[in-house]
Amino acid sequence: MKKTLIIAMSMVLSSTAFAQDAVETTVSSDIVSSYIWRGQDLGSVSVQPTLGVSYKGLSLTAWSSVGLSEPNDTKEFDLTLGYTLGKLNIGITDYWFNAGLDPQNRYLRYDAHSTNHLFEANIGYDFGLASVQWFTNFAGNDGANKDGERAYSSYLEFVVPFKIATVDWSATAGAVPFATTAYGTSGFAITNLSLRATKAIEVTNSFTIPVFAQVTANPCSQKAYLAFGITLQP
């Protein structure tokens, strides 16, 4: 089993409205020792800033990941436009990676056959006891299926939150329904089984530090990761 330690240090500033319909802005930055995404290891020590703005259920978020210790680690810049209505959410994400069809890594190159962008749509619903999300790549530098054609790579994820004593837990199960080189699957495959525990450590009466521990297994690749993290926010 591969053990990976993740330490996330996050400084979050948010302007929250006194009025019901005011704009909310979030600025944050995480430092992680390993970048694990949907059961895949995408890099080691990285800095991951976030800038987001939301209004009446509509949100626009910019997120990035840059490796600090390994030159070959993934460099990524994502833009997500989302909308939430009650317990239903939909969104579109523009992923950009420093590895793809364009060897010069030009961000503004969107040509279908020479871009490093990947476009994904998602839809999800929160049932309370559990939430479900479906993601599908619909354009850009997608993976290929068994015939070498665009796979329209998809990912289905279930998350169940629960509480034991004073600790918040969540169990996640993620699967890839079709063959795609994007996830390294030859058909339906479970690629992400995670269990995460989060607890706020009280430092003073007005200051707490949330900490988490998470174990992730990818039955498809037969790899596993153990993670620990710290989040700091004012």
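Draft legend 1. Representation of the layout of surface pockets in the model. Its volume calculated, the largest pocket comes out at about 1,600 Å³. Along its surface, the largest pocket is lined by 45 residues, and I36, W37, W63, E157 and R196 are the ones closest to its centre. With six residues, the top contributor of residues to the lining of the largest pocket is strand β7 (residues 76-85). Here the lining of the largest pocket is composed, by residue class, of 15 nonpolar, 23 polar and seven charged.

Draft legend 2. Focus on the packing of aromatic side chains. Counted according to the given criterion, the structure contains 12 aromatic pairs. Arranged with centres 6.0 Å apart and planes meeting at 65°, the rings of W37 and Y95 form a pair that is edge-to-face. Placement of W37 in strand β3 (residues 35-37) and of Y95 in strand β8 (residues 88-97) is noted, with a sequence separation of 58 residues between them. Members of the aromatic cluster, connected to one another through ring pairs, are W37, Y95, F97, F135, Y155 and Y183. Directly above the ring of Y152 sits R150, whose terminal nitrogen or CZ lies 5.8 Å from the centroid. One cation-aromatic arrangement involves R196 over F212; the distance from NZ or CZ to the ring centre is 3.9 Å.

Draft legend 3. Spatial organisation of the environment of P49. With respect to the helices and strands, P49 occurs in strand β5 (residues 46-55). Given the relative accessible area of 33%, P49 is considered partly exposed. Spatially, the C-alpha atoms of P49 and G39 are 21 Å apart, while their sequence positions differ by 10 residues.

Draft legend 4. Inspection of the environment of G82 at higher detail. Within the secondary structure layout, G82 lies in strand β7. Along the chain, G82 and T26 lie 56 residues apart, while their C-alpha atoms are 15 Å from each other. Apart from residues no more than four positions distant in its own chain, G82 is found in contact with G57, L58, S59, I90 and G91.

Draft legend 5. Examining the pattern of salt bridges more closely. Tallied over the entire structure, the rule returns four salt bridges. For D102, the salt bridge is made with R106, and the minimal N-O distance between the two is 3.1 Å. Residue classification places D102 among the buried residues on the basis of a relative accessible area of 2%. Two residues, R150 and D142, come together in a salt bridge whose shortest N-O distance is 4.0 Å. Residue classification places R150 among the partly exposed positions, given a relative accessible area of 30%.

Draft legend 6. Layout of the side chain of D102. Mapping D102 onto the fold places it in the loop between β8 and β9 (117-126). The contacts of D102, once residues within four sequence positions are left out, are R109, S114 and N116.

Thresholds, definitions, all that
Residues numbered from 1 in each chain as written. Predicted model: local features only at pLDDT ≥ 70, side-chain atom pairs only at ≥ 80, totals over all residues. Heavy atoms only, no water. 1 Å grid on protein atoms, 1.4 Å probe; cavity = no way out; pocket = protein on both sides within 12 Å on 5 of 7 lines; lining within 4 Å. Points joined across faces, edges and corners; volume = space filled by probe spheres on them. Helix = DSSP H or I, 4+ residues; strand = E, 2+ residues; numbered from the N terminus. Nonpolar A, V, L, I, M, F, W, Y, C, P; charged D, E, K, R; others polar. Phe/Tyr/Trp six-rings, centres within 6.5 Å; stacked < 30°, edge-to-face > 60°. Lys NZ or Arg CZ within 6 Å of the ring centre and 35° of its normal. Buried < 20%, exposed > 50% of the residue type's maximum accessible area, 1.4 Å probe, protein only. Contact = heavy atoms within 4.5 Å. Salt bridge = Lys/Arg side-chain N within 4 Å of Asp/Glu carboxyl O.

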